[in-house]
Structure formats: C-alpha cells, structure tokens
Amino acid sequence: MAISVFDLFKVGIGPSSSHTVGPMRAAATFAQALIDQQLLSQTRRVEVRLYGSLSATGVGHATDRACVMGLMGEWPDRVDPTSINARIQQLRESGRLLLAGLQDIAFNWQQDLRLLDESLPYHPNAMSLHAYGENGLLSEQTYYSVGGGFIIEAAEAASGIAPTSDVELPYDFSSAVELLALCNKHGLRVSELMMANERAWRSDADIRSGLLHIWSVMRECVEQGLRDEGILPGGLDVPRRAAKLHRSLLEIGKPNVITSTLSAMEWVNLFALAVNEENAAGGRMVTAPTNGAAGIIPAVLHYYMKFNAEASDDDVVNFFLAAAAVGILCKKNASISGAEVGCQGEVGSACAMAAAGLADVLGATPEQLENAAEIGLEHNLGLTCDPVGGLVQVPCIERNAIAAVKAINATQMALRGDGKHFISLDRVIRTMRDTGADMHDKYKETSRGGLAVSWVEC
Ligand code: SF4
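Criteria and cut-off values
Residues numbered from 1 in each chain as written. Predicted model: local features only at pLDDT ≥ 70, side-chain atom pairs only at ≥ 80, totals over all residues. Heavy atoms only, no water. Near = heavy atom within 4 Å. Helix = DSSP H or I, 4+ residues; strand = E, 2+ residues; numbered from the N terminus. Nonpolar A, V, L, I, M, F, W, Y, C, P; charged D, E, K, R; others polar. Salt bridge = Lys/Arg side-chain N within 4 Å of Asp/Glu carboxyl O. Buried < 20%, exposed > 50% of the residue type's maximum accessible area, 1.4 Å probe, protein only. Contact = heavy atoms within 4.5 Å. Phe/Tyr/Trp six-rings, centres within 6.5 Å; stacked < 30°, edge-to-face > 60°. Lys NZ or Arg CZ within 6 Å of the ring centre and 35° of its normal. Axes fitted to C-alpha atoms, helices over the stretch in contact; angles between N-to-C directions. Parallel < 35°, antiparallel > 145°, perpendicular 65-115°, else oblique. Left-handed = near helix turned anticlockwise from the far one by under 90°. Polar contact = N/O pair within 3.5 Å; in protein donor to acceptor, adjacent residues only side chain to side chain. Pairing = 2+ DSSP bridges. Disulfide = S-S within 2.5 Å. Arc of directions from axis to C-beta.

Caption draft 1: Representation of the site of the ligand. For the ligand, the full set of nearby residues is Gly-292, Cys-343, Glu-346, Cys-385, Asp-386, Cys-396 and Arg-399. Listing elements by their share of the shell around the ligand, those giving two or more residues are α16 (343–361) and α18 (396–415). For the shell around the ligand, the residue count by class is three nonpolar, one polar and three charged.

In structure tokens, the structure reads:
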C-alpha cells in the first residue's frame, strides 16, 4: 500500500486517532453511504456497536461522542471542537439525531450506542453500524479503526490483503534497507526521496502548502495549549500544566542551548504538554501519527524552529517528509496502533519519526537518519498501553514529553556516529511487531492492566 505523508499527518480532534478520529470517519462514511445508496430518507433508526478496545476504553476516549458526531455528518478535520459539547447535550436531551445532517431520527443513547464485551476478528478496534427502516434492516457495515485515524471495512480486513492504491511511486520501499539503497543509488536525502514519491499524488506547491498547513495547525494547537488552564475533562482531575510552565520559562528568559541544555529541554517538555493537554481536552490537533503520541513530533519541530535562527519553512517540509518515511516503515512492518502492539507502536513510532525528521534537517546522511530512528524506537520497545481511566492523560501526556526529549537525544547520538550501528531499524521494527504479538491484551489499550489498575479511585 502506498502511504502518503498526509496519511500520517492529519488534522483531527482529540483525544484519540484510533478511538475518536477513526470512529468518527467510519460513522461519517456510513452516513454518506446511506445518502449514496438513496437509503437516507427511509432510515428511521441507527445502531452503533462498539467491540474490543473501542468498547473497553471508548467512553474515556470519546468514541461514543465521535460516532454520534460522525453520524451527524461531521468529519474530524472539519468539525468545530468547541461546538461538540453543546450538540451532544442537545441530542441527549431531545433524543433526536440529524442523520448525515439531513434526516431527523430518534436516537436513544443507551440503546442505540452499545458497548459490547466481545471482540471481532482481524483487529481489536472494531465497530459496526446498522441502519433500520420501517420494515427492518436497510444497511450495515463493520469497520476496523487500525490506528492513526485509518479505517478499513470488513471485506478488506477479511481478504487479508492490505488496501491497495493505484498510485505508483518512483521510489517505493518497504524496508529501511530498501530506503537506504534507493537514497544511495540516486544520491537523494530521505526527504528528497519522499518528496519525489509525494509527487505521485500532488504538485510541489500542494505538498508544500499542505505540510505548512499541518505545521500551522500544530502551532495553533501549542498556542491554545499554552493559554488553556484548569482541569482536564474525564473525572481524573488532572490539572493542565503547560500554561503555568510557560509563564515560569518566560520568567527565566531565553535559554542558551550551549550552556543550558536542560532549560532547552524544558521547552521541549512544554510544547509536548501543550499539545497533549489540548488532545486530552478534545481540541483541534494533528494526528502524528496518532493522537495519543501527537505531542512528540510538534515538540521536536518546535524545538528546532525555536532554537535555530536559520530555520526555514523548507526545514518544516523536509522534517515532515523524513519523519513520514519512518512512519511508513513502522506502519507497513509493525503497527502504529496501541490496541495492536501497545504504546511502543504509538509513542515509539512517533519518537523514531521525530528523530528522523530532526536528523534530516540537521544534515544527517541517510544512514545516520536510520540510526537516529532506530535509537528512538529501540528504547521504547516493550512499552505498554495502560491509560488510567481509559483517558489519554496518564501516562500519555508526560510520556510524550519524555519521548520528545528522547528523540532529540537519539538524533544527537546518531549524528556523532557514521551511521554504522549494531541493530538495524528493520530489526527493531520487527521486534516491536513480535513484542506486540506476545503482549497480553490487558496492556493494549484496554485499561485492564498496568497503571490503569494500579490507580485506585478515592
Ligand atoms: S498509553 Fe500510549 S498508546 Fe496508550 S493511549 Fe496513552 S499514548 Fe496512546
């Protein structure tokens, strides 16, 4: 499957790509299909069934709300996040839902939105949607939300064949070995190779403007995160920290990265906290490559842009392209879904991607870049997904800050070497896949193990 940089970086809403963005897209796709099949006007009732991890942590991850918004015809990149609370409240009070934004039907939150204690084959994040008319079932579809906001339909999943794309890439690669060979054969940096591939979908101008738009949404997300204060929603009473930390860093003054590396790292922490607090609050953000791990790449890019007077928009574009090359490898050969392989797939992949992006703009050779990504991923192997209360807050928010700093350190270590190293990125990605397969389900976004059960509500 050909994967574009814009598949990995998508404008969406919090708090989860697999549990919020994917389900909203699935529900909106289903509503649109009712229009296309001319079934909308006959529809009297819809039912949503959530399975596996979508059921286990769906309420904490706002899966139920996302499904309802999708049924109303909203898409993650276009919905106004600030309007959702009021619209959900109105729906709950009235018991009416405007299907696809057009067809007024009754909707009973308890009966029509079912959280089932069972799993479907193929993937732990499964959901099915059913539309009924006066004489019974009109249409049904099962979707799998496979991480990063990607969804696939049941038939695709059952075929066992990855969804294909008609696009032929000039430099297609499925492993880091192939990527490095192509870079060396054609004398290309990783970002240059990725740019050539992206041209299979879009013009240079569209690639550039699209990636700069992604960057502007990331910056707005950080700025919003630095303004918002108070307690995060969901009931854990987790206080937001970014605004206070920002004030404190401003008082200290501009850090000097040469003499005070640690204070620069505090800014990295700040950027990650700001994004992940916004994500936890259901705000507008960029999936990178998932929502739970969405703070790492913006934090590292903010760090580069803030502390490098020479940084330019070209660097932003190259950073995203190089990061995407590693994201593609993780997605193709393992997973970026916490429900599939644990947090190593989310935070580990994002850490490796951020390290690769930073390495590219700092002038790394393809081998050094591969090394940076390998270090970033290797030291996240085995990381479990155990969100307390099913919310993307603890440990997720701090974990992003730690991984962002780790990504910078990985790049620094790789840049001190010549690219030769002990374990290849391909092997680490395979290890992530195998470790994920061995990992008990309770550590894969079910909130039934780890920190999720060590926390006791008072
Ligand atoms: S623990 Fe990791 S994978 Fe799980 S929800 Fe949090 S960030 Fe995502």
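Next comes the rest of the account.
Caption draft 2: Seen up close, the pattern of salt bridges. Tallied over the full model, the rule gives 22 salt bridges. Residue Asp-112 pairs with Arg-45 through a salt bridge whose shortest N-O separation is 2.6 Å. One end of the pair, Asp-112, is in helix α6 (residues 109–112); the other, Arg-45, is in strand β2 (residues 45–51), with 67 residues separating them in the sequence. Assessed through its relative accessible area of 30%, Arg-45 is described here as partly exposed.

Caption draft 3: Representation of the environment of Lys-406 in the model. With respect to the helices, strands and loops of the structure, Lys-406 is situated in helix α18. What makes Lys-406 partly exposed here is its relative accessible area of 26%. Sequence separation of Lys-406 and Ile-375 is 31 residues, and the distance between their C-alpha atoms is 8.9 Å. With residues near it in sequence (within four places) discarded, Lys-406 still touches Cys-351, His-379 and Asn-380.

Caption draft 4: Representation of the packing of aromatic side chains in the model. The tally for this structure, following the rule as stated, stands at six aromatic pairs. Summarising the aromatic geometry, the rings of Phe-319 and Phe-320 are spaced 6.3 Å apart at their centres and angled 85 degrees between planes, so their arrangement reads as edge-to-face. On the accessibility criterion, Phe-319 (0% relative accessible area) is buried. With a relative accessible area of 0%, Phe-320 lands in the buried category. Of the aromatic side chains, those joined through ring pairs into one cluster are Phe-9, Phe-319 and Phe-320. The cationic tip of Lys-332 hangs over the ring face of Phe-173; the distance from NZ or CZ to the ring centre is 5.9 Å.

Caption draft 5: Highlighting the packing of helix α13 (residues 296–306) against α18. At a closest axis distance of 9 Å, the pairing of α13 and α18 adopts a crossing angle of 50 degrees. Between α13 and α18, the angle is such that the two are oblique. Viewed along their axes, α13 and α18 form a crossing whose handedness is right-handed. Together, Ile-296, Ala-299, Val-300 and Tyr-303 of α13 and Asn-400, Ala-403, Ala-404, Ala-407 and Ile-408 of α18 make up the contact between the two elements. Tallied by class, residues from the contact of α13 with α18 come to eight nonpolar, one polar and no charged.

Caption draft 6: Structural detail: the side chain of Ser-447. Following the sequence through the fold, Ser-447 ends up in the loop between α19 (425–438) and α20 (451–454). At a separation of 2.7 Å, a polar atom in the side chain of Ser-447 contacts the main-chain carbonyl oxygen of Pro-387. With sequence-adjacent residues up to four places away left out, Ser-447 is seen in contact with Thr-57, Pro-387, Gly-389, Gly-390, Ala-452 and Val-453.

Caption draft 7: Up close: the sheet that holds strand β6 (residues 125–133). The strand order across the open sheet formed by five strands is β5-β2-β6-β7-β8, and the pairing between neighbours is mixed. One side of each edge strand has no neighbouring strand; the edge strands of this open sheet are β5 (113–115) and β8 (150–153). Sheet twist, expressed as the average angle between the axes of neighbouring strands with direction ignored, equals 25 degrees. Packing against the sheet, helix α4 (residues 63–71) makes contact with β2, β5 and β6, and its axis sits at approximately 145 degrees to β2.

Caption draft 8: Spotlight on the state of the cysteines. Enumeration over the complete set of coordinates arrives at zero disulfides. Free of any disulfide, Cys-221 has its nearest neighbouring cysteine sulfur in Cys-396, separated by 15 Å.

Caption draft 9: Just helix α11 (residues 242–252), in detail. Looking only at α11, the buried set comprises Ala-242, Ala-243, Leu-245, His-246 and Leu-249. Taken down its axis, α11 places every buried residue within 160 degrees of arc, on the same side. What points out from α11, more than 90 degrees from its buried face, is the exposed set Lys-244 and Glu-251.

Caption draft 10: Molecular detail of helix α8 (residues 176–186). Looking only at α8, the buried set comprises Ala-176, Leu-179, Leu-180, Leu-182 and Cys-183. In an axial view of α8, the angular spread of the buried residues amounts to 160 degrees, which keeps them on one side of the axis. Among the exposed residues of α8, those pointing more than 90 degrees away from its buried face are Val-177 and Lys-185. In this structure, the buried side of α8 is in contact with α9 (190–198), α14 (313–333), α17 (366–378) and α19. One or two residues past the end of α8 sits Gly-187, with phi positive at roughly 65 degrees.

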